[in-house]
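Geometric and topological summary
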Amino acid sequence: MIERFTPCDGSKQVEFRKRRLADDICTVLIYATAPSSRVTGQFTVSEMVTDSPARTWEQFGHLGVIEKEAFFAYYGDAPTAVAIVVGAAERFNAPLALAAFEPRLAVPQSFAYLPADARELAMAG
């Protein structure tokens, strides 16, 4: 899976989404937009918590890299919010271009699911 997730400096400990990831997702690849436009790291999913936006902010707001106003603007009138809690995170020494992955990937608008061995295959190529 490739996820837009910034920054990759360890300061972001939770990713907020409107939808849950598939339950079998345990690793997320981190895609950095311009200027690098590369897969720069990965993290394991520690847990996913679905709750109301208000309760999600109370529990996880201090762990995300987002201001309260922006958080509530993102969810608008949505009845639920998803907190994807970051487990172990790794920054790659050599970021990977999307072209290194098979099947070829476009820049993710939100996320894309990949086979479990996608990173190993991209690094070998």
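The coordinates are above.
Keep in mind it's a predicted model, so treat the numbers as computed, not measured.

**Things to note about the side chain of glutamate 15**
- Along the chain, the position of glutamate 15 falls in strand β2 (residues 14-17).
- When its relative accessible area of 5% is taken as the criterion, glutamate 15 is described as buried.
- Within the structure, glutamate 15 has its side chain in polar contact with the side chain of arginine 17 (distance 2.7 Å).

**Structural notes on the nonpolar core**
- Listed in full, the 11 residues of the largest apolar core are Val14, Phe16, Val49, Trp57, Phe60, Leu63, Phe71, Tyr75, Ala81, Ala83 and Val85.
- Take this core: its biggest share by element is 3 residues, from strand β5 (residues 81-96).
- If we skip the residues at most four places from it in the chain, phenylalanine 71 touches Phe16, Pro53, Thr56, Trp57 and Ile66.

**A word on unusual backbone geometry**
- The step from alanine 34 to proline 35 runs through a cis peptide bond, and the omega angle for that step is 10°.
- Considering the arrangement of structural elements, one finds proline 35 in the loop between β3 (27-32) and β4 (38-51).
- Positive phi, normally seen in glycine, also occurs at serine 37, with a value near 50°.

**Focus: the pattern of salt bridges**
- The tally for this structure, following the rule as stated, stands at 4 salt bridges.
- In this structure, the salt-bridge partner of lysine 12 is glutamate 15, at a minimum N-O distance of 2.6 Å.
- Its relative accessible area of 14% is what places lysine 12 among the buried residues.
- Note that arginine 20 is salt-bridged to aspartate 23, the shortest N-O span being 3.3 Å.
- One salt-bridge network, held together by shared partners, links Lys12, Glu15 and Arg17.

Criteria and thresholds
The numbering scheme is per chain: residues are counted from 1 as the chain's sequence reads. Local features are withheld for residues below a pLDDT of 70 in this predicted model, meaning they are given only at 70 or higher, and side-chain atom pairs are given and counted only at 80 or more; totals for whole chains, interfaces and linings count all residues. Hydrogens and water are ignored here; the side-chain numbers use all heavy atoms of the structure. Per the convention used, a helix needs a DSSP run of H or I reaching at least four residues, while a strand needs a run of E reaching at least two, with both numbered from the N terminus. Between buried and exposed lies partly exposed: a residue is buried under 20% and exposed over 50% of the maximum accessible area for its type, with that area taken using a 1.4 Å probe on protein chains only. Identification of polar contacts relies on pairs of N or O atoms within 3.5 Å, with a donor-acceptor requirement for protein atoms, meaning one able to donate a hydrogen and the other able to accept it, and with residues adjacent in sequence counted only if both atoms are side-chain atoms. As used in this record, nonpolar core signifies buried Ala, Val, Leu, Ile, Met, Phe, Trp, Tyr and Cys residues forming a set joined through side-chain atoms within 4.5 Å. Throughout, a residue-residue contact means that at least one pair of heavy atoms, one from each residue, lies within 4.5 Å. Salt bridge, as used here, is a side-chain nitrogen of Lys or Arg placed within 4 Å of a carboxyl oxygen of Asp or Glu.

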